[in-house]
Amino acid sequence: MTMRTFAGLVCVLALASCDRPAKQSEAPSAPAQSGGTLAETMPRTISATEAANFQVALAQLPQGATLSHAVAEGPAVALHYTATTAQGPSAGAQFIVVDSNQAITENNRIELPSNPDPHLTGATSAAPDSTDGGAENVNKRAVLAFFQALTSGNVDAAARQVGDDVIEHTGTGAQGRAAWTTAIRAEPARQYGIQRIAAWNDIVMTYQSVGTVGDGGAVRWAPGWDIFRLRDGRIVERWRVNY
C-alpha cells in the first residue's frame, strides 16, 4: 500500500491501492434515523492515537481499494474510496468510530456500483506544514450551517455558505453559485440529521440521515455521506454518496 505521511509522521493518508485483505468489523452499521445526534469533535492536534485509529480504519477497506479522501479526527475516521469488486467498479464511503481500546464501535459503510473515477481533486494529497485547528473549526461550522439551511428549506442561506466558483460533483455537476442554486432548487426537498462530522485541513466529511420529502409530504430516510472542500470558510467542492 502506498502512503504519504501527514503532520510529521503522525497521521497517514493512503494514496494508492490498499493490498491488505479486508478486515470485517463486528460492529453493525448504524441504521438511518430521523434526525440523529451530532457527535462533533472540536479542533485538535493530530495525535498518535488518531494515527493508530487511522490504521484500524484502513484495515476495513476492501482489497485493492484506492482512497480518494480521508479524514482522521478524534475517535472518528472517514474514508471515501473506489474499488473493483466481482460485480464491477464501485465507490464507497465509511465513517468509522474507534474506542480507547482501538476497537471499532461504529462502521457506517456503503458501496455503490459507479463510475470508478469519482472526479476528485486529491485535495488531501499534500501534507500540510501544520494543522490549523481554527480553520477546521470554521469549515465544520460552515458545513453545519449549510445543512441547517437546506433542512429548513432556505436555499438562499445555504448558497451563502458556498463559494462563487463552487463545483457540485454529484448530480447535475453544477458549477458556480448561480448554477448551483438553480440546481438545488430543482431537487426534492431534503432534511438532514447529522450524526458524524470530522475535518482535516480543507476537507470536511459527514455521515447523516437524509430525509427526502415526497408527494404528500412523506419523508423517506436513508443514510448519506458528504465530502466537502472549503476555501476561506466557503464550500468550493462537494461530493455526495447514496443520494
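Everything in this summary refers to the structure shown in the same document. Computed from a predicted structure; not experimentally measured.

**Concerning the pairing of strand 12 (residues 234-241)**
Point 1. For strand 12, a buried count of seven out of eight residues is recorded, marking the element as mostly surrounded by other parts of the structure.
Point 2. Of the strand pairs in this sheet, strand 8 (residues 162-168) and strand 12 are connected by three bridges, and their pairing is parallel. Looking at the pairing, I167 lines up with E237 of strand 12.
Point 3. Linkage of strand 11 (residues 219-231) to strand 12, two consecutive antiparallel strands, is achieved through a turn of two residues, within which D232 is found at a positive phi near 55°.

**Section: the nonpolar core**
Point 1. The biggest cluster of nonpolar side chains holds 31 residues, and the ones touching the most others in it are F54, L61, L67, V71, L79, F95 and W225.
Point 2. Setting aside its immediate chain neighbours within four residues, V71 contacts A76, V77, A78, A198, A199, W200, I203 and M205.
Point 3. Residues V143, L144, F146 and V155 belong to the second largest nonpolar core, which totals 27 residues.

**Re the pattern of salt bridges**
Point 1. Going through the model one piece at a time under the given rule, you end up with 11 salt bridges.
Point 2. Measuring nitrogen to oxygen at the nearest pair gives 2.5 Å for the salt bridge that ties D156 to R185. Pair noted here: D156 is in helix 3 (residues 155-159) and R185 is in helix 4 (residues 177-186), with a separation of 29 residues, a long-range link.
Point 3. Judged by its relative accessible area of 43%, D156 falls in the partly exposed class.
Point 4. Residues E187 and R240 are paired through a salt bridge, measuring 2.8 Å at the closest nitrogen-oxygen approach. You can see E187 sitting in the loop between helix 4 and strand 9 (190-200) and its partner R240 sitting in strand 12, a full 53 residues away along the chain.
Point 5. Judged by relative accessible area, E187 falls into the partly exposed class, the value being 22%.
Point 6. Each member of the salt-bridge network shares a partner with another, and the members are E168, E187, R190, D226, R238 and R240.

**Topic: helix 4**
Point 1. Buried within helix 4 we find W180, T181, A183 and I184. One face of helix 4 carries all of its buried residues, which in axial projection span an arc of 165°. In helix 4, the exposed residues that point more than 90 degrees away from the buried face are A178, T182 and A186.

**Thoughts on the packing of aromatic side chains**
In this description, an aromatic ring pair is defined by two values, namely the gap between the centres and the angle between the planes.
Point 1. One pass over the full model with this rule turns up eight aromatic pairs.
Point 2. On the basis of an interplanar angle of 80° and a centroid distance of 5.6 Å, the ring pair of F147 and F228 is categorised as edge-to-face. One end of the pair, F147, is in helix 2 (residues 133-151); the other, F228, is in strand 11, and 81 residues separate them in sequence.
Point 3. The class of F147 is buried, set by a relative accessible area of 2%.
Point 4. By relative accessible area, F228 is classed as buried at 0%.
Point 5. An aromatic cluster is defined as three or more aromatic residues linked by ring pairs; in this entry it consists of F146, F147, W180, Y192, F228 and Y243.

The rules behind each value
Residues numbered from 1 in each chain as written. Predicted model: local features only at pLDDT ≥ 70, side-chain atom pairs only at ≥ 80, totals over all residues. Heavy atoms only, no water. Buried < 20%, exposed > 50% of the residue type's maximum accessible area, 1.4 Å probe, protein only. Helix = DSSP H or I, 4+ residues; strand = E, 2+ residues; numbered from the N terminus. Pairing = 2+ DSSP bridges. Core = buried A, V, L, I, M, F, W, Y, C linked by side-chain atoms within 4.5 Å. Contact = heavy atoms within 4.5 Å. Salt bridge = Lys/Arg side-chain N within 4 Å of Asp/Glu carboxyl O. Arc of directions from axis to C-beta. Phe/Tyr/Trp six-rings, centres within 6.5 Å; stacked < 30°, edge-to-face > 60°.

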